[in-house]
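A structural walkthrough
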Amino acid sequence: VFEHLPTLPLDLLQHPAIMWATAVSTAFTTQDDSRFLRLYREADFLSATILSPLLDLARQRLLWLMVRSSVPQRRDKLHLEDLSRRLAFIDANVAE
């Protein structure tokens, strides 16, 4: 994708849909999964459908990072509502 961007006309690159697609592509390529999930949540239906195969991989990477980067205390618990919001699930029922 990125090798074709310099060949596109400037007015096309400034179109909101192209700017959004470039941001999504950049976020996924650089493994900025929280930004990728935020952009996914803001997407329209068709764009979200196109991104859905990448969604589980981004969620898996975020879960791995959350588990590996924190030392849980015995009293610490992750709330399902908070976790489902962070991982861009529709609601807690879908996250279960």
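The structure reproduced in this document is the subject of the present report. (Residues numbered from 1 in each chain as written. Predicted model: local features only at pLDDT ≥ 70, side-chain atom pairs only at ≥ 80, totals over all residues. Heavy atoms only, no water.)

1. Regarding the packing of helix 3 (residues 33-42) against helix 4 (residues 45-69)
Remark: helix 3 packs on helix 4, axes separated minimally by 10 Å, with the N-to-C direction vectors making an angle of 150°. Every pair of crossing elements has a handedness; the one defined by helix 3 and helix 4 is left-handed. From helix 3, Asp-33, Ser-34, Phe-36, Leu-37 and Tyr-40 reach across to helix 4, where they touch Ala-48, Leu-51, Leu-54, Leu-55, Ala-58, Arg-59, Arg-61 and Leu-62. Its residues placed into classes, the contact of helix 3 with helix 4 shows 9 nonpolar, 1 polar and 3 charged. (Axes fitted to C-alpha atoms, helices over the stretch in contact; angles between N-to-C directions. Helix = DSSP H or I, 4+ residues; strand = E, 2+ residues; numbered from the N terminus. Left-handed = near helix turned anticlockwise from the far one by under 90°. Contact = heavy atoms within 4.5 Å. Nonpolar A, V, L, I, M, F, W, Y, C, P; charged D, E, K, R; others polar.)

2. Regarding the packing of helix 2 (residues 16-29) against helix 3
Each pair of packed helices can be described by the angle between their axes along with the distance between the axes. Interhelical geometry of helix 2 versus helix 3 gives an angle of 150° and a closest axis separation of 8 Å. Of the two possible hands of crossing, helix 2 and helix 3 adopt the one that is left-handed. On the side of helix 2, the interface is formed by Trp-20, Ala-23, Val-24, Ala-27 and Phe-28, while helix 3 contributes Arg-35, Phe-36 and Leu-39. A class-by-class count of the residues in the contact of helix 2 with helix 3 yields 7 nonpolar, no polar and 1 charged.

3. Quick look at the packing of aromatic side chains
Tallying each qualifying case throughout the model produces 1 aromatic pair. Centroid distance Phe-28 to Phe-36: 5.4 Å. Interplanar angle 55°. Geometry classified as tilted. Just as Phe-28 is buried, Phe-36 falls in that class too. Sitting over the face of the ring of Phe-28, Arg-61 holds its NZ or CZ atom 4.8 Å from the ring centroid. (Phe/Tyr/Trp six-rings, centres within 6.5 Å; stacked < 30°, edge-to-face > 60°. Buried < 20%, exposed > 50% of the residue type's maximum accessible area, 1.4 Å probe, protein only. Lys NZ or Arg CZ within 6 Å of the ring centre and 35° of its normal.)

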